[in-house]
Amino acid sequence: MSMQFVRATSVSEARSVLVTEGANARLLAGGTDLLVNLRRGRPEVGTLVAVSHLPELGMLESDGGQVRIGAGVSHRMIERSPLFLGAMRALPEACATVGSIQIRNVGTLAGNVCNASPAADTPPVLLAFDARVVVAGADEDRMLPLEAFFTGYRATALMPGELLREIRIPRPPRASGSAFEKIGRRKAMEISVACVAAMVSLGDDGRTLRSVRIGLGSVSATSVRARGAESLLACKVVTAETLRAAGEVAAREIAPIDDLRAGADYRRSVVAALVARAVARAADRAKADLGSEDEDV
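Reference entry: report on the structure contained in this document. (Residues numbered from 1 in each chain as written. Predicted model: local features only at pLDDT ≥ 70, side-chain atom pairs only at ≥ 80, totals over all residues. Heavy atoms only, no water.)

## Focus: the overall build of the chain
What counts here: Under the scheme used here, helices are H or I runs from DSSP no shorter than 4 residues and strands are E runs no shorter than 2 residues, and both carry numbers assigned from the N terminus. Only C-alpha atoms enter the radius of gyration, while the globule expectation follows 2.2 Å times N to the 0.38, with N the number of residues. We call a residue buried when its accessible area falls under 20% of the maximum for its residue type, exposed when it is over 50%, and partly exposed in between, using a 1.4 Å probe and counting protein chains only.
Regarding its fold elements, the chain presents 11 helices and 14 strands. At 19 Å, the chain has a C-alpha radius of gyration in line with the 19 Å of a compact globule built from 297 residues. With the C-alpha coordinates aligned to their principal axes, the bounding extent of the chain is approximately 60 × 45 × 35 Å. Counting all 297 residues of the chain, 51% fall into the buried class.

## Points about the sheet that holds strand E12 (residues 194–202)
Within a sheet, each strand pairs with its neighbour through backbone hydrogen bonds, oriented either parallel or antiparallel. Condition: We call two strands paired when DSSP finds no fewer than two bridges between them.
Pairing is antiparallel across the open sheet formed by four strands, whose spatial order is E11-E12-E13-E14. With one partner strand each, in any of the chains shown, strand E11 (176–183) and strand E14 (224–225) form the two edges of the open sheet. Bridge analysis of E12 against strand E13 (residues 209–217) gives eight bridges, and the strand direction is antiparallel. Across the sheet, Val200 pairs through a bridge with Val212, a residue of E13.

## Details of the nonpolar core
Applicable threshold: The criterion is simple. A nonpolar core is a set of buried Ala, Val, Leu, Ile, Met, Phe, Trp, Tyr and Cys residues joined through side-chain atoms within 4.5 Å.
In this structure, Ile69, Leu91, Leu126, Phe149, Ile167 and Ile169 are the most contacted members of the largest nonpolar core, which totals 48 residues. In this structure, Ala175, Ala179, Val200 and Leu216 belong to the second largest nonpolar core, which totals 30 residues.

## Digging into the packing of helix H10 (residues 240–253) against helix H11 (residues 264–290)
Applicable threshold: Fitting a line to C-alpha atoms yields each axis, with helices limited to the stretch in contact; the angle taken between N-to-C directions then spans 0 to 180 degrees. In this scheme, roughly parallel covers angles under 35 degrees and roughly antiparallel covers those over 145, while 65 to 115 is roughly perpendicular and the rest are oblique. Crossing handedness follows the turn of the near helix against the far one: under a right angle anticlockwise gives a left-handed crossing, and clockwise gives a right-handed one. Pairs of residues are marked as contacts when any of their non-hydrogen atoms sit within 4.5 Å.
Where H10 meets H11, the axes come as close as 8 Å, and the angle between the chain directions of the two elements is 140°. Compared by their axis directions, H10 and H11 come out oblique. Considering the relative orientation of H10 and H11, their crossing is right-handed. Judged by residue contacts, Leu243, Ala246, Gly247, Glu248, Ala250 and Ala251 of H10 engage Arg268, Val271, Ala272, Val275, Ala276, Val279 and Ala280 from H11.

## Observations concerning the environment of Glu162
Note the cut-off: Think of a polar contact as two N or O atoms within 3.5 Å of one another; within protein, one of them needs to be a possible hydrogen donor and the other a possible acceptor, and neighboring residues in sequence only count if both atoms come from side chains.
Summarising the element assignment, Glu162 is placed in the loop between strand E9 (155–156) and strand E10 (163–170). Owing to a relative accessible area of 14%, Glu162 belongs among the buried residues under this scheme. If sequence neighbours within four positions are ignored, Glu162 has contacts with Leu18, Val135, Ala136, Gly137, Arg142 and Ala157. There is a polar contact of 2.8 Å between the side chain of Glu162 and the side chain of Arg142.

## Side note on the sheet that holds strand E2 (residues 25–28)
Pairing is parallel in the open sheet, where three strands are placed in the order E1-E3-E2. The sheet is open, and its two borders are formed by strand E1 (4–7) and E2, each paired with just one other strand. Neighbour to neighbour, the strand axes of the sheet diverge by 25° on average, direction disregarded. Here E2 runs beside strand E3 (residues 47–50); their pairing, made up of four bridges, is parallel. Within E3, the position partnered with Leu27 by the bridge is Val49.

## A look at the pattern of salt bridges
Going by this rule: Whenever a carboxyl oxygen of Asp or Glu lies within 4 Å of a side-chain nitrogen of Lys or Arg, that contact is scored as a salt bridge.
Within the structure shown, the criterion is met by 19 salt bridges. Taking the shortest distance from any N to any O, the salt bridge between Glu181 and Arg277 comes out at 3.6 Å. Remark: Arg277 occurs in helix H11 and Glu181 occurs in strand E11; sequence separation between them is 96 residues. A salt bridge links Asp259 to Arg267, with the nearest nitrogen and oxygen atoms 3.1 Å apart. Given the relative accessible area of 30%, Asp259 is considered partly exposed. Through salt bridges that share partners, Glu61, Asp63, Arg68, Glu166 and Arg168 make up one connected network.

Structure (structure tokens):
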């Protein structure tokens, strides 16, 4: 099949091409996964629709109590952005583990989300951040929680002709902190054996966990929340015992598989350790945030 290339002039035009060309059309932003797969002969694509150059998808800003990340924003842009220096630093931590700097310069956060790989590094962070996605549809945009966006293994809630326009993250309250932990078979440019992200907010006493959200990757068909562990930790003081218990609960919540990178039992043990470590680091950062006079993220 011959392939045509369309350089879209707007999100509306890109969506129109997707509708017209149907299943044989693919969006091209960073292309770090798509182009590799095309060289391998899958998927079969008739039209590539380039969108990375569109200004409306390059937005990265704090607006009305939320951070808005356009679909064209690269991992490297997030790594270097001052928006994530405080309580939201787990996101640039996760972005920094995605491939090499060359890959992160072009690969986009939205692309990582739309690939819906269970082993992707950034979706667990976005789940812990309670992120939502804005989808450009036929008549109007629609918004849905990221958790609802993932519908199965490498499957999303995108309908034919739709595209992800932006990701929105609510800015955390004062005395919040986040952390990202990852285990791979090597230290760089490696797919996760398991990864964990935690976002915590502390009470006024600086010790009690007012809220906890934990995202897990590479342990189920999709990135997931560890809701049982979150419930166990809510309104608790961080201790070695509570962290250990939360990790054990998280390990029982997941449905890992045996593959070339690791066995299911190993992944459960890794998740138990990483949950405890991520929550502890996030809580330490929240304590530092509590003592800061700067309420900006």
